[in-house]
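Observations on the three-dimensional arrangement
Each chain, written out:
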Amino acid sequence: MSGIGDANVGVLLEALPYIREFHGRTVVIKYGGAAMRDDELREAFATDVVLLKYVGLNPVIVHGGGPEITDYMQRLGMEVRFHEGLRVSDPATVEVAKMVLLGKLNSDIVQRLNRHGQPAVGLSGEDGALFEVGPVPNAEQVGYVGSIERVDVDVLNHISADYIPVIASAASDRDGNSYNVNADEAAGKVAGALGAYKAIFITDVAGWLCDPEDEESLISRASVEEVRAALPSLSGGMRPKLQGCLDAIAGGAQNAHIIDGRRPHSLLLELFTDAGIGTMVTP
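Residues numbered from 1 in each chain as written. Predicted model: local features only at pLDDT ≥ 70, side-chain atom pairs only at ≥ 80, totals over all residues. Heavy atoms only, no water.

Let us look at the sheet that holds strand S14 (residues 279–282). One open sheet accounts for eight strands, arranged S5-S8-S2-S1-S11-S13-S14-S12; its pairing is mixed. The outermost strands of the open sheet, each flanked by one partner alone, are strand S5 (120–124) and strand S12 (221–223). Across the sheet, the axes of successive neighbouring strands diverge by a mean angle of 20°, strand direction being ignored. Pairing geometry for strand S13 (residues 255–260) and S14, over three bridges, is antiparallel. Residue pairing across strands places Ala256 opposite Val281, the latter belonging to S14. Each of strand S1 (26–31), strand S2 (58–63), strand S8 (164–168) and strand S11 (198–203) is contacted by helix H3 (residues 39–54), which is oriented at about 145° to S2, the strand it contacts most. (Pairing = 2+ DSSP bridges. Helix = DSSP H or I, 4+ residues; strand = E, 2+ residues; numbered from the N terminus. Axes fitted to C-alpha atoms, helices over the stretch in contact; angles between N-to-C directions. Contact = heavy atoms within 4.5 Å.)

Here it is as structure tokens:
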């Protein structure tokens, strides 16, 4: 029994300097992948975020919901198409996306955090004019997909003092047109605008891999210059996450991380242990 106790004390002692370092700091968390779909992982994520708030951090969650949007579109008999990694979005597609993001997923996350002991508030890019968006450059091919041109963090600064903000990646332009917004972009832009201490992207792989087919080829640390040089040659889901890391740091975040959300409590492992997990991007 003493060995088990010693191990637990060791974990706490290892975490203590990190808790001290991060106290009062803002951490923006892009929530997605398996951590958002598996019930056990959803519970672990909620527990982790609530713990961050209890020990003095200011967590801000940004989420998408691609698989769930696809599922609901298929149930409704709607065509699902992608172009260069972006969902081709007519007004009906955007309407379904907003229903799923705000009516189901955002509400579920808020409810789970509330149940674990910390009050949370659900938002979208439309609330408090949080996101100012315009059409992406290839709008002729993808339709109503928006790129974030500005983040107004006043509403977040007010809310995060007492609550955990949970932001769905949907927004409107000045003319009232609704858009899908990539959640990785949203998280990076929010982290940059807040000058977050860390931006953390939760995904379904170990991190940025040299060889996408080999999880042993993890790049544990990379500079902004290294990421920027590699970005044109990348495709698939890792590219928007690395671009989100660049956006976060360019805006003022101190560093960014890509971590494996398939591991329970991966958020705590990254923040509060010496080894950490995943890929860390530094200025």
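That was the structure; now back to the text.
Okay, the state of the cysteines next. By the definition in use, this model includes zero disulfides. Free cysteine: Cys210, not disulfide-bonded; nearest cysteine sulfur from Cys245 at 16 Å. (Disulfide = S-S within 2.5 Å.)

Attention shifts here to the sheet that holds strand S10 (residues 178–181). The sheet built from four strands is open, its strands ordered S6-S7-S10-S9 with mixed pairing. The outermost strands of the open sheet, each flanked by one partner alone, are strand S6 (131–135) and strand S9 (170–172). Sheet twist, expressed as the mean angle between neighbouring strand axes with direction ignored, is 55°. The strands that helix H8 (residues 183–194) touches are S6, strand S7 (145–151) and S10; relative to S7, the one it contacts most, it runs at about 5°.

This part covers the side chain of Asp184. Following the sequence through the fold, Asp184 ends up in helix H8. Excluding its chain neighbours within four sequence positions, the residues that come into contact with Asp184 are Lys30, Phe201, Pro240, Lys241 and Gly244.

Take the environment of Ser160 next. Here Ser160 shows up in helix H7 (residues 154–160). On a C-alpha basis, the gap between Ser160 and Gly56 in space is 12 Å, while along the polypeptide they are 104 residues apart.

All right, on to the environment of Tyr179 then. Tracing the chain through its elements places Tyr179 in strand S10. Distance in space between the C-alpha atoms of Tyr179 and Pro232 is 25 Å, their sequence separation being 53 residues. Dropping the residues within four chain positions of it, Tyr179 is found in contact with Val94, Val133, Pro135, Tyr144, Val145, Gly146, Ala170, Ala171 and Asp173.

Attention now moves to the pattern of salt bridges. Scanning the model with the defined rule gives 16 salt bridges in all. The partner of Lys189 in a salt bridge is Glu185, and the shortest N-O contact between them spans 3.1 Å. With Lys189 and Glu185 both in helix H8, this residue pair falls four residues apart, about one helical turn. A relative accessible area of 23% places Lys189 in the partly exposed class. Since its relative accessible area comes to 14%, Glu185 is described here as buried. For Arg262, the salt bridge is made with Asp260, and the minimal N-O distance between the two is 2.9 Å. Take Arg262: its relative accessible area is 37%, and that puts it in the partly exposed class. (Salt bridge = Lys/Arg side-chain N within 4 Å of Asp/Glu carboxyl O. Buried < 20%, exposed > 50% of the residue type's maximum accessible area, 1.4 Å probe, protein only.)

The next subject is the packing of helix H4 (residues 66–75) against helix H5 (residues 91–115). Where H4 meets H5, the closest approach of the two axes is 9 Å, and the angle between their N-to-C directions is 120°. When the axis of H4 is compared with that of H5, the two are oblique. Once H4 is placed against H5, the crossing between them reads as right-handed. Contact residues: H4 offers Glu68, Ile69, Tyr72 and Met73, while H5 offers Thr93, Val96, Ala97, Val100, Leu101, Lys104 and Leu105. Tallied by class, residues from the contact of H4 with H5 come to eight nonpolar, one polar and two charged. (Parallel < 35°, antiparallel > 145°, perpendicular 65-115°, else oblique. Left-handed = near helix turned anticlockwise from the far one by under 90°. Nonpolar A, V, L, I, M, F, W, Y, C, P; charged D, E, K, R; others polar.)

What follows deals with the pairing of S7. Judged from the five bridges that link them, S6 and S7 form a sheet pairing that is antiparallel. Within the sheet, the bridge partner assigned to Phe131 lies in S7 and is Val151. Examined bridge by bridge, S7 and S10 share two bridges and lie parallel to one another. Following the sheet pairing, Gly146 is matched in S10 by Val181.

The next subject is H5. Helix length check: H5, at 25 residues, gives a terminal C-alpha distance of 35 Å against a target of 36 Å (1.5 Å per residue), a fit within 8%. Taking the largest bend as the criterion, H5 deviates by roughly 30°, centred on Asn106. Considered for burial, the residues of H5 that qualify are Thr93, Val94, Val96, Ala97, Val100, Leu101, Leu105, Asn106, Ile109, Val110, Arg112 and Leu113. Where H5 terminates, the next one or two residues include Gly117, which has phi positive at roughly 115°. (Expected span 1.5 Å × (residues − 1). Bend = angle between axes of the 7 residues up to and from the residue.)

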